[in-house]
Amino acid sequence: MAIERTFSIIKPDAVAKNVIGEIVSRFEKNGLRVVASKLLHLSQEQAEGFYAVHKERPFFNDLVKFMISGPIVAQVLEGENAVLKNRELMGATNPKDAAPGTIRADFAESIDENAVHGSDAQETAKEEIAYFFTADEIHSRTR
Ligand code: RTP
Ligand code: MG
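Residues numbered from 1 in each chain as written. Chains lettered and ligands numbered in written order. Predicted model: local features only at pLDDT ≥ 70, side-chain atom pairs only at ≥ 80, totals over all residues. Heavy atoms only, no water.

In the nomenclature of an unreviewed UniProt entry, the chain is known as Nucleoside diphosphate kinase of Methylomonas paludis. Taken directly from UniProt, the Function (unreviewed entry) text for the chain runs: "Major role in the synthesis of nucleoside triphosphates other than ATP. The ATP gamma phosphate is transferred to the NDP beta phosphate via a ping-pong mechanism, using a phosphorylated active-site intermediate." Its UniProt record gives the chain a comment under Subcellular location (unreviewed entry), which states: "Cytoplasm". (UniProt positions renumbered as here; feature names shortened; annotations may be inferred.)

Undergrad: Even after reading the chapter, I still don't get the UniProt feature "domain: Nucleoside diphosphate kinase-like" (unreviewed entry) in the chain, so can you show me in this structure?
TA: Mapped onto the present numbering, the UniProt feature "domain: Nucleoside diphosphate kinase-like" (unreviewed entry) falls at residues 3–140. Secondary structure content for residues 3–140 is 40% helix and 20% strand, and the end C-alpha separation is 11 Å. (Helix = DSSP H or I, 4+ residues; strand = E, 2+ residues; numbered from the N terminus.)

Undergrad: Whenever I open this one, the site of ligand 1 confuses me. Can you help?
TA: Around ligand 1 lies a shell of 15 residues, among which Lys11, Thr93, Ile111, Asn114 and His117 are the nearest. Between ligand 1 and lysine 11 there is a distance of 2.9 Å, counted from an oxygen atom to a side-chain nitrogen or oxygen. Protein burial of ligand 1: of its 560 Å² of free accessible surface, 81% is covered by the chains. Among the cavities detected, the one that contains ligand 1 is the largest pocket. If you tally residues by element for the shell around ligand 1, the top one is strand S4 (residues 116–118), at 3 residues. Grouping the constituent residues of the shell around ligand 1 by class yields 6 nonpolar, 5 polar and 4 charged. (Near = heavy atom within 4 Å. Polar contact = N/O pair within 3.5 Å; in protein donor to acceptor, adjacent residues only side chain to side chain. Areas by Shrake-Rupley, 256 points an atom, 1.4 Å probe, with all protein chains shown as cover. 1 Å grid on protein atoms, 1.4 Å probe; cavity = no way out; pocket = protein on both sides within 12 Å on 5 of 7 lines; lining within 4 Å. Sits in = over half its atoms within 2 Å of the grid points. Nonpolar A, V, L, I, M, F, W, Y, C, P; charged D, E, K, R; others polar.)

Undergrad: How should the packing of aromatic side chains be read in this particular structure?
TA: All chains considered together, the criterion is met by 6 aromatic pairs. For the pair phenylalanine 7 and phenylalanine 132, a centre-to-centre distance of 5.0 Å together with 10° between the ring planes defines the contact as stacked. Here the residue phenylalanine 7 occupies a position in strand S1 (residues 3–10), and phenylalanine 132 occupies one in helix H7 (residues 122–132), the gap between them amounting to 125 residues. Assigned by exposure class, phenylalanine 7 and phenylalanine 132 land together as buried. Taking 5.4 Å as the distance between ring centres and 65° as the angle between the ring planes, the aromatic pair formed by phenylalanine 50 and phenylalanine 132 counts as edge-to-face. (Phe/Tyr/Trp six-rings, centres within 6.5 Å; stacked < 30°, edge-to-face > 60°. Buried < 20%, exposed > 50% of the residue type's maximum accessible area, 1.4 Å probe, protein only.)

Undergrad: It is not clear to me how the sheet that holds S4 should be interpreted in this structure. Could you clarify?
TA: Pairing between the strands of a sheet comes from backbone hydrogen bonds, and it takes one of two forms, parallel or antiparallel. Spatial ordering of the open sheet is given by S2-S3-S1-S4, a layout of 4 strands whose pairing is antiparallel. On the outer flanks of this sheet lie strand S2 (33–40) and S4, each paired with one strand and no other. Between one strand axis and the next, the sheet turns through 20° on average, direction left out of account. Of the pairings in the sheet, the one linking S1 to strand S3 (residues 72–80) comprises 8 bridges and is antiparallel in character. Bridge assignment links glutamate 4 to a residue of S3, and that residue is glycine 79. Taken strand by strand, H7 contacts S1, S2, S3 and S4, and its axis lies near 55° from that of S1. (Pairing = 2+ DSSP bridges. Axes fitted to C-alpha atoms, helices over the stretch in contact; angles between N-to-C directions. Contact = heavy atoms within 4.5 Å.)

Undergrad: Can you help me understand the UniProt feature "binding site: ATP" (unreviewed entry) in the chain in this one?
TA: Those residues carrying the UniProt feature "binding site: ATP" (unreviewed entry) are Lys11, Phe59, Arg87, Thr93, Arg104 and Asn114 in this numbering. From the list above, the largest pocket is lined by Lys11, Phe59, Arg87, Thr93, Arg104 and Asn114. Mapping arginine 87 onto the fold places it in helix H5 (residues 82–90). Judged by relative accessible area, which is 36%, arginine 87 ranks as partly exposed. When near neighbours in sequence (up to four residues on either side) are disregarded, arginine 87 contacts Gly118, Ser119 and Asp120. Among the structural elements, threonine 93 can be located in the loop between H5 and helix H6 (103–107).

This is how it looks when you write it as structure tokens:
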């Protein structure tokens, strides 16, 4: 199976809860490797740009407000089937629907504050990675 990359955000609620390490540990234990990582506090413009696809949705303003409410961890994860694997580890968008043992079931409080973001397809992963990282900030094992 091909090695893929995906983009992950540990959102402000999870950073505030001090569970960065626990979340990263789940990635590592499940065959995903951190190949780029930065802690940052998004500006409103950065958050609006990242979530531009949701611009017309009713939750857009609240989402942006939440995403700039504190620092986040932006990461590139690499591994077999990385996009899908990360989505499985994250669990459903609404933590109430998330399977037991998933990151959102264990660390998220609500659909608005749901601990993590993960790319939903290989194409969006490429775009999201490029939004946050330059090529020389990514240190692939396979390079
Ligand atoms: P993400 O992009 O954060 O990985 O989450 P996702 O694919 O599971 O969900 P998506 O549909 O892309 O929505 C992005 C984020 O917007 C918030 N949301 N709120 N109140 C609502 O109905 C609602 N729907 C979505 C969530 O925080 C979701 O993660
Ligand atoms: Mg999404």
